[in-house]
Amino acid sequence: MAGLSERDLAVLALEARQWRTTGAKERAVREELGISATRYYQLLGALLDREEALAHDPVLVNRLRRVREAKRRSR
């Protein structure tokens, strides 16, 4: 298994932050990571399936996995 890249770690760190206003997260994605919000969510989704991400931040990854699964069930 390959380790997490700096970008992977940055995505997880950004996702762990609290956001006060609508659009602040998407703005931070563009400014801090230099990618679109769509690409960010693609990367985040892929990270949630990686054991390295789970080992790095199990609380965050497990919470996001639960949210993702709840959305899938509601469809």
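Structural data are supplied above this passage.
Procedures and definitions
- Residues numbered from 1 in each chain as written.
- Predicted model: local features only at pLDDT ≥ 70, side-chain atom pairs only at ≥ 80, totals over all residues.
- Heavy atoms only, no water.
- Helix = DSSP H or I, 4+ residues; strand = E, 2+ residues; numbered from the N terminus.
- Contact = heavy atoms within 4.5 Å.
- Areas by Shrake-Rupley, 256 points an atom, 1.4 Å probe, with all protein chains shown as cover.
- Lys, Arg positive; Asp, Glu negative; His and termini not counted.
- Charge placed at Lys NZ, Arg CZ, Asp CG, Glu CD.
- Salt bridge = Lys/Arg side-chain N within 4 Å of Asp/Glu carboxyl O.

Undergrad: Quick question: what am I supposed to make of the overall build of the chain here?
TA: In terms of regular secondary structure, the chain is built from five helices and zero strands. Listing each helix as α and each strand as β along the chain from the N terminus yields α-α-α-α-α. The contacts in the chain between residues at least 6 apart in sequence include a share of 46% that link residues at least 24 apart. Element-wise, carbon and sulfur atoms account for 50% of the exposed surface of the chain, whose accessible area totals about 5200 Å². The centroid of the 16 positive side-chain charges in the chain is displaced by 6 Å from the centroid of its 11 negative side-chain charges.

Undergrad: Would you mind going over the pattern of salt bridges with me for this structure?
TA: Side-chain pairs of opposite charge can arise where the charged atoms are in close proximity. Within the structure shown, the criterion is met by five salt bridges. The partner of arginine 50 in a salt bridge is aspartate 8, with the nearest N and O atoms 3.0 Å apart. Taken as a pair, arginine 50 in the loop between helix H3 (37-48) and helix H4 (51-56) and aspartate 8 in helix H1 (residues 6-16) lie far apart in primary sequence, 42 residues in all. A salt bridge links arginine 50 to glutamate 52; the shortest N-O distance between them is 3.4 Å.

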